Amino acid sequence: MSSPVRLPSISFVVARSSPAHIIGVDNKLPWHLRTDLQRFRKITLGHVILMGRSTFDSIGRPLPGRMNIILSRRPANDQESSIWTSPDTSLFWSRGPEDAMYLADILSLAAERKEFFVIGGEQMYQLFSNLGNRVHLTEVFAPLPREAGDAHFDREFDRRKWKVLFEEDVPSGPNDEYASRYTVYDRKTKTVRYIELEDYFTSGSDKRRWISDQYIKIRNSVAQGSLPEPEYQYRMFEEQDPAGN
Ligand SMILES: NC(=O)c1ccc[n+]([C@@H]2O[C@H](COP(=O)([O-])OP(=O)(O)OC[C@H]3O[C@@H](n4cnc5c(N)ncnc54)[C@H](OP(=O)(O)O)[C@@H]3O)[C@@H](O)[C@H]2O)c1
(Lines give C-alpha, C1' and ligand atoms only; values in the text may rest on other atoms or scores of the structure.)
Protein backbone atom coordinates (compact mmCIF):
# COMPACT_ATOMS: atom_id res chain seq x y z
CA MET A 1 0.00 0.00 0.00
CA SER A 2 1.13 3.56 -0.59
CA SER A 3 -0.04 6.99 0.54
CA PRO A 4 0.30 10.42 -1.07
CA VAL A 5 2.90 12.82 0.35
CA ARG A 6 2.65 16.48 -0.61
CA LEU A 7 5.60 18.21 -2.21
CA PRO A 8 6.38 21.89 -1.56
CA SER A 9 4.25 24.52 -3.26
CA ILE A 10 5.81 26.82 -5.87
CA SER A 11 5.72 30.61 -5.48
CA PHE A 12 7.06 33.36 -7.74
CA VAL A 13 8.72 36.61 -6.75
CA VAL A 14 8.74 39.22 -9.50
CA ALA A 15 9.00 42.98 -9.96
CA ARG A 16 7.73 44.47 -13.21
CA SER A 17 7.20 47.96 -14.53
CA SER A 18 3.68 49.21 -14.82
CA PRO A 19 2.10 49.45 -17.34
CA ALA A 20 4.75 48.01 -19.74
CA HIS A 21 5.53 44.80 -17.75
CA ILE A 22 9.31 45.10 -18.14
CA ILE A 23 11.40 42.97 -15.76
CA GLY A 24 14.89 43.45 -17.23
CA VAL A 25 17.13 45.09 -19.78
CA ASP A 26 20.63 43.98 -20.84
CA ASN A 27 20.44 41.29 -18.15
CA LYS A 28 19.96 43.84 -15.37
CA LEU A 29 17.07 45.21 -13.36
CA PRO A 30 16.03 48.56 -14.87
CA TRP A 31 15.69 50.31 -11.46
CA HIS A 32 16.98 50.46 -7.93
CA LEU A 33 14.37 49.84 -5.25
CA ARG A 34 15.88 49.19 -1.86
CA THR A 35 12.56 48.47 -0.14
CA ASP A 36 11.82 45.78 -2.72
CA LEU A 37 15.27 44.18 -2.46
CA GLN A 38 14.92 44.05 1.33
CA ARG A 39 11.48 42.50 1.03
CA PHE A 40 12.79 39.96 -1.51
CA ARG A 41 15.49 38.95 0.96
CA LYS A 42 13.01 38.56 3.80
CA ILE A 43 10.61 36.43 1.72
CA THR A 44 13.25 34.08 0.33
CA LEU A 45 15.75 33.76 3.22
CA GLY A 46 16.21 30.15 4.34
CA HIS A 47 14.39 28.79 1.28
CA VAL A 48 15.25 27.23 -2.03
CA ILE A 49 15.34 29.75 -4.88
CA LEU A 50 15.29 28.65 -8.47
CA MET A 51 16.56 30.85 -11.30
CA GLY A 52 17.62 30.80 -14.95
CA ARG A 53 21.30 30.95 -15.85
CA SER A 54 21.01 34.54 -17.20
CA THR A 55 19.57 35.75 -13.90
CA PHE A 56 22.37 33.97 -12.06
CA ASP A 57 24.93 35.67 -14.33
CA SER A 58 23.26 38.98 -13.57
CA ILE A 59 23.43 38.44 -9.79
CA GLY A 60 26.96 37.06 -10.10
CA ARG A 61 27.03 34.89 -6.95
CA PRO A 62 24.79 32.54 -4.98
CA LEU A 63 22.46 34.57 -2.78
CA PRO A 64 23.52 34.09 0.84
CA GLY A 65 21.30 32.27 3.31
CA ARG A 66 19.46 30.51 0.49
CA MET A 67 19.74 27.26 -1.48
CA ASN A 68 20.31 28.50 -5.04
CA ILE A 69 19.33 26.25 -7.97
CA ILE A 70 20.37 27.37 -11.45
CA LEU A 71 18.78 25.98 -14.63
CA SER A 72 21.03 25.67 -17.65
CA ARG A 73 21.13 23.37 -20.68
CA ARG A 74 24.90 23.52 -20.83
CA PRO A 75 27.28 21.90 -18.35
CA ALA A 76 28.62 24.14 -15.60
CA ASN A 77 32.21 25.28 -15.93
CA ASP A 78 34.65 25.04 -13.02
CA GLN A 79 33.62 28.35 -11.50
CA GLU A 80 29.95 27.49 -11.74
CA SER A 81 29.90 23.89 -10.44
CA SER A 82 27.52 22.99 -7.65
CA ILE A 83 28.89 23.98 -4.25
CA TRP A 84 27.63 22.86 -0.91
CA THR A 85 30.02 24.07 1.70
CA SER A 86 27.49 25.38 4.18
CA PRO A 87 23.93 24.32 4.97
CA ASP A 88 22.93 28.01 4.78
CA THR A 89 24.17 28.97 1.33
CA SER A 90 24.48 26.47 -1.47
CA LEU A 91 24.54 26.41 -5.26
CA PHE A 92 23.23 23.63 -7.46
CA TRP A 93 23.46 23.48 -11.20
CA SER A 94 20.58 21.63 -12.89
CA ARG A 95 19.82 20.48 -16.43
CA GLY A 96 16.10 21.15 -16.61
CA PRO A 97 12.86 21.69 -14.73
CA GLU A 98 12.43 18.09 -13.52
CA ASP A 99 15.98 17.90 -12.09
CA ALA A 100 15.56 21.36 -10.57
CA MET A 101 12.25 20.48 -8.93
CA TYR A 102 13.63 17.25 -7.49
CA LEU A 103 16.47 19.19 -5.86
CA ALA A 104 14.11 21.95 -4.73
CA ASP A 105 11.66 19.42 -3.24
CA ILE A 106 14.21 17.44 -1.24
CA LEU A 107 16.17 20.47 -0.04
CA SER A 108 12.92 22.20 0.99
CA LEU A 109 11.55 19.11 2.75
CA ALA A 110 14.86 18.61 4.57
CA ALA A 111 14.76 22.26 5.72
CA GLU A 112 11.07 21.82 6.67
CA ARG A 113 9.98 24.45 4.15
CA LYS A 114 6.56 24.12 2.55
CA GLU A 115 7.32 26.28 -0.49
CA PHE A 116 10.16 27.27 -2.77
CA PHE A 117 10.56 30.29 -5.01
CA VAL A 118 11.03 30.83 -8.73
CA ILE A 119 12.85 34.17 -8.85
CA GLY A 120 13.19 34.72 -12.63
CA GLY A 121 13.86 35.67 -15.30
CA GLU A 122 11.30 35.69 -18.07
CA GLN A 123 12.07 32.15 -19.30
CA MET A 124 11.75 30.70 -15.79
CA TYR A 125 8.41 32.40 -15.10
CA GLN A 126 7.14 30.90 -18.37
CA LEU A 127 8.58 27.46 -17.71
CA PHE A 128 6.89 27.14 -14.29
CA SER A 129 3.79 29.25 -15.06
CA ASN A 130 1.28 26.41 -14.61
CA LEU A 131 2.76 25.31 -11.30
CA GLY A 132 2.98 28.61 -9.40
CA ASN A 133 0.34 28.89 -6.68
CA ARG A 134 1.41 32.22 -5.21
CA VAL A 135 2.94 35.33 -6.79
CA HIS A 136 4.67 38.09 -4.85
CA LEU A 137 4.33 40.87 -7.41
CA THR A 138 5.82 44.35 -7.22
CA GLU A 139 4.37 46.73 -9.80
CA VAL A 140 6.99 49.44 -10.31
CA PHE A 141 5.49 52.72 -11.51
CA ALA A 142 8.33 53.41 -13.93
CA PRO A 143 7.23 55.28 -17.07
CA LEU A 144 9.24 53.04 -19.44
CA PRO A 145 8.08 52.18 -22.97
CA ARG A 146 7.82 48.42 -23.57
CA GLU A 147 10.84 48.52 -25.94
CA ALA A 148 13.00 49.83 -23.09
CA GLY A 149 13.10 46.26 -21.77
CA ASP A 150 14.10 42.94 -23.28
CA ALA A 151 12.53 40.70 -20.63
CA HIS A 152 8.87 40.92 -19.59
CA PHE A 153 6.31 39.32 -17.28
CA ASP A 154 2.86 39.63 -18.86
CA ARG A 155 0.66 37.50 -16.63
CA GLU A 156 -2.71 39.07 -15.82
CA PHE A 157 -4.34 38.30 -12.48
CA ASP A 158 -7.98 37.59 -13.16
CA ARG A 159 -9.82 38.08 -9.85
CA ARG A 160 -11.99 35.04 -10.61
CA LYS A 161 -8.86 32.86 -10.49
CA TRP A 162 -6.61 34.77 -8.09
CA LYS A 163 -7.30 36.32 -4.74
CA VAL A 164 -5.32 39.14 -3.15
CA LEU A 165 -3.77 38.07 0.16
CA PHE A 166 -1.96 41.33 0.83
CA GLU A 167 -1.41 44.69 -0.87
CA GLU A 168 0.77 47.66 0.04
CA ASP A 169 1.66 50.94 -1.70
CA VAL A 170 5.30 52.04 -1.36
CA PRO A 171 6.07 55.71 -2.11
CA SER A 172 9.29 56.58 -3.92
CA GLY A 173 11.90 57.71 -1.40
CA PRO A 174 15.64 58.41 -1.31
CA ASN A 175 16.42 54.69 -1.80
CA ASP A 176 13.53 53.79 -4.08
CA GLU A 177 13.79 55.21 -7.56
CA TYR A 178 10.05 54.83 -8.27
CA ALA A 179 6.84 54.37 -6.31
CA SER A 180 5.56 50.79 -6.34
CA ARG A 181 2.76 48.53 -5.21
CA TYR A 182 3.43 45.13 -3.67
CA THR A 183 0.66 42.52 -3.98
CA VAL A 184 0.55 38.87 -2.96
CA TYR A 185 -1.74 36.84 -5.23
CA ASP A 186 -2.92 33.35 -4.36
CA ARG A 187 -4.37 31.02 -6.95
CA LYS A 188 -7.89 29.92 -5.94
CA THR A 189 -7.38 26.49 -7.51
CA LYS A 190 -3.95 25.27 -6.46
CA THR A 191 -1.78 22.75 -8.24
CA VAL A 192 -0.73 20.22 -5.63
CA ARG A 193 2.25 18.02 -6.53
CA TYR A 194 2.58 14.76 -4.66
CA ILE A 195 4.37 11.45 -4.69
CA GLU A 196 3.17 8.05 -3.62
CA LEU A 197 5.34 6.66 -0.83
CA GLU A 198 5.09 3.18 0.62
CA ASP A 199 2.91 3.34 3.72
CA TYR A 200 5.81 2.56 6.02
CA PHE A 201 7.49 5.79 4.85
CA THR A 202 4.54 8.05 5.57
CA SER A 203 4.59 8.02 9.37
CA GLY A 204 6.60 10.91 10.89
CA SER A 205 9.99 9.35 11.62
CA ASP A 206 10.03 7.09 8.53
CA LYS A 207 9.18 10.02 6.29
CA ARG A 208 12.12 11.91 7.81
CA ARG A 209 14.33 8.93 7.11
CA TRP A 210 13.19 8.83 3.47
CA ILE A 211 13.90 12.59 3.09
CA SER A 212 17.28 12.15 4.75
CA ASP A 213 18.17 9.27 2.35
CA GLN A 214 17.31 11.43 -0.66
CA TYR A 215 19.28 14.33 0.83
CA ILE A 216 22.35 12.13 1.29
CA LYS A 217 22.08 10.88 -2.32
CA ILE A 218 22.05 14.47 -3.56
CA ARG A 219 24.97 15.34 -1.31
CA ASN A 220 26.98 12.36 -2.60
CA SER A 221 26.34 13.18 -6.26
CA VAL A 222 27.41 16.79 -5.71
CA ALA A 223 30.55 15.58 -3.91
CA GLN A 224 31.35 13.36 -6.92
CA GLY A 225 30.82 16.26 -9.33
CA SER A 226 27.73 14.72 -10.93
CA LEU A 227 24.21 16.09 -11.18
CA PRO A 228 21.57 14.39 -9.01
CA GLU A 229 18.90 12.47 -10.96
CA PRO A 230 15.26 12.62 -9.81
CA GLU A 231 14.38 9.57 -7.73
CA TYR A 232 10.63 9.78 -8.32
CA GLN A 233 8.01 11.17 -10.64
CA TYR A 234 5.50 13.44 -8.99
CA ARG A 235 1.80 13.51 -9.82
CA MET A 236 -0.58 16.44 -9.57
CA PHE A 237 -4.11 17.30 -8.60
CA GLU A 238 -6.08 20.53 -8.44
CA GLU A 239 -7.26 21.69 -5.02
CA GLN A 240 -9.98 24.30 -4.52
CA ASP A 241 -9.47 27.01 -1.93
CA PRO A 242 -11.39 25.64 1.11
CA ALA A 243 -12.76 29.15 1.80
CA GLY A 244 -14.33 29.00 -1.67
CA ASN A 245 -13.56 32.65 -2.42
N1 LIG B 1 12.36 42.13 -12.23
C2 LIG B 1 12.49 40.90 -11.73
O3 LIG B 1 11.78 40.50 -10.80
C4 LIG B 1 13.53 39.99 -12.31
C5 LIG B 1 13.85 38.78 -11.67
C6 LIG B 1 14.81 37.95 -12.24
C7 LIG B 1 15.42 38.33 -13.44
N8 LIG B 1 15.07 39.50 -14.02
C9 LIG B 1 15.67 39.92 -15.30
O10 LIG B 1 15.27 38.98 -16.29
C11 LIG B 1 16.27 38.95 -17.31
C12 LIG B 1 16.70 37.50 -17.55
O13 LIG B 1 15.59 36.74 -18.01
P14 LIG B 1 15.76 35.71 -19.23
O15 LIG B 1 14.42 35.17 -19.55
O16 LIG B 1 16.55 36.37 -20.29
O17 LIG B 1 16.71 34.58 -18.62
P18 LIG B 1 16.59 33.53 -17.40
O19 LIG B 1 15.19 32.99 -17.34
O20 LIG B 1 17.14 34.13 -16.17
O21 LIG B 1 17.62 32.41 -17.87
C22 LIG B 1 17.51 31.83 -19.16
C23 LIG B 1 18.42 30.63 -19.22
O24 LIG B 1 17.89 29.58 -18.41
C25 LIG B 1 18.26 28.33 -18.99
N26 LIG B 1 17.05 27.59 -19.35
C27 LIG B 1 15.88 28.06 -19.87
N28 LIG B 1 15.01 27.05 -20.06
C29 LIG B 1 15.63 25.91 -19.65
C30 LIG B 1 15.26 24.55 -19.62
N31 LIG B 1 14.04 24.13 -20.03
N32 LIG B 1 16.14 23.65 -19.15
C33 LIG B 1 17.38 24.04 -18.74
N34 LIG B 1 17.79 25.33 -18.74
C35 LIG B 1 16.93 26.26 -19.19
C36 LIG B 1 19.09 28.63 -20.23
O37 LIG B 1 20.44 28.70 -19.80
P38 LIG B 1 21.70 28.26 -20.75
O39 LIG B 1 21.73 29.33 -21.81
O40 LIG B 1 22.88 28.28 -19.83
O41 LIG B 1 21.36 26.90 -21.29
C42 LIG B 1 18.59 30.02 -20.60
O43 LIG B 1 19.49 30.75 -21.41
C44 LIG B 1 17.40 39.83 -16.81
O45 LIG B 1 17.28 41.11 -17.37
C46 LIG B 1 17.18 39.90 -15.31
O47 LIG B 1 17.71 41.07 -14.73
C48 LIG B 1 14.15 40.34 -13.48
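Note that the structure is predicted; figures quoted are calculated from it, not measured.

A.B. asks: So what about the site of the ligand? Which residues, and what values?
C.D. replies: Lining the immediate surroundings of the ligand are 28 residues, of which Gly24, Gly52, Gly120, Gly121 and Glu122 lie closest. Of all elements in the fold, only β2 (9–17), β3 (22–24), β4 (48–52), α2 (53–59) and α4 (122–127) reach the threshold of two or more residues within the shell around the ligand. A class-by-class count of the residues in the shell around the ligand yields 11 nonpolar, 11 polar and 6 charged.

A.B. asks: Residue-level account of the sheet that holds strand β13 (residues 235–240), with values.
C.D. replies: Strand-to-strand pairing in sheets goes through backbone hydrogen bonds, with the strands running parallel or antiparallel. The 3 strands lie next to each other as β1-β12-β13, forming an open sheet whose pairing is antiparallel. Edge strands, defined here as strands with exactly one partner in the open sheet, are β1 (2–6) and β13. The sheet shows a mean angle of 45° between the axes of neighbouring strands, taken without regard to direction. Bridge analysis of β1 against strand β12 (residues 189–198) gives 5 bridges, and the strand direction is antiparallel. Pairing of serine 2 across the sheet is with glutamate 198, part of β12.

A.B. asks: If you had to explain the sheet that holds strand β6 (residues 90–94) to someone new, which residues and values would you point to?
C.D. replies: In space, the 8 strands of this open sheet follow the order β6-β5-β4-β7-β2-β8-β11-β10, with mixed pairing throughout. Sheet topology places β6 and β10 (162–170) at the edges, where each strand pairs with a single neighbour. Ignoring strand direction, the axes of neighbouring strands in this sheet form an average angle of 20°. As judged from the 5 bridges shared by strand β5 (residues 67–71) and β6, these two strands associate in the parallel manner. If you follow isoleucine 70 over to β6, its bridge partner there is tryptophan 93. Against the sheet, helix α1 (residues 34–44) makes contact with β2, β4, β7 (115–118), β8 (132–140), β10 and β11 (180–187), and its axis sits at roughly 175° relative to β2, the strand it touches most.

Cut-off values and rules
- Residues numbered from 1 in each chain as written.
- Predicted model: local features only at pLDDT ≥ 70, side-chain atom pairs only at ≥ 80, totals over all residues.
- Near = placed C-beta within 6 Å.
- Helix = DSSP H or I, 4+ residues; strand = E, 2+ residues; numbered from the N terminus.
- Nonpolar A, V, L, I, M, F, W, Y, C, P; charged D, E, K, R; others polar.
- Pairing = 2+ DSSP bridges.
- Axes fitted to C-alpha atoms, helices over the stretch in contact; angles between N-to-C directions.
- Contact = placed C-beta atoms within 7 Å.

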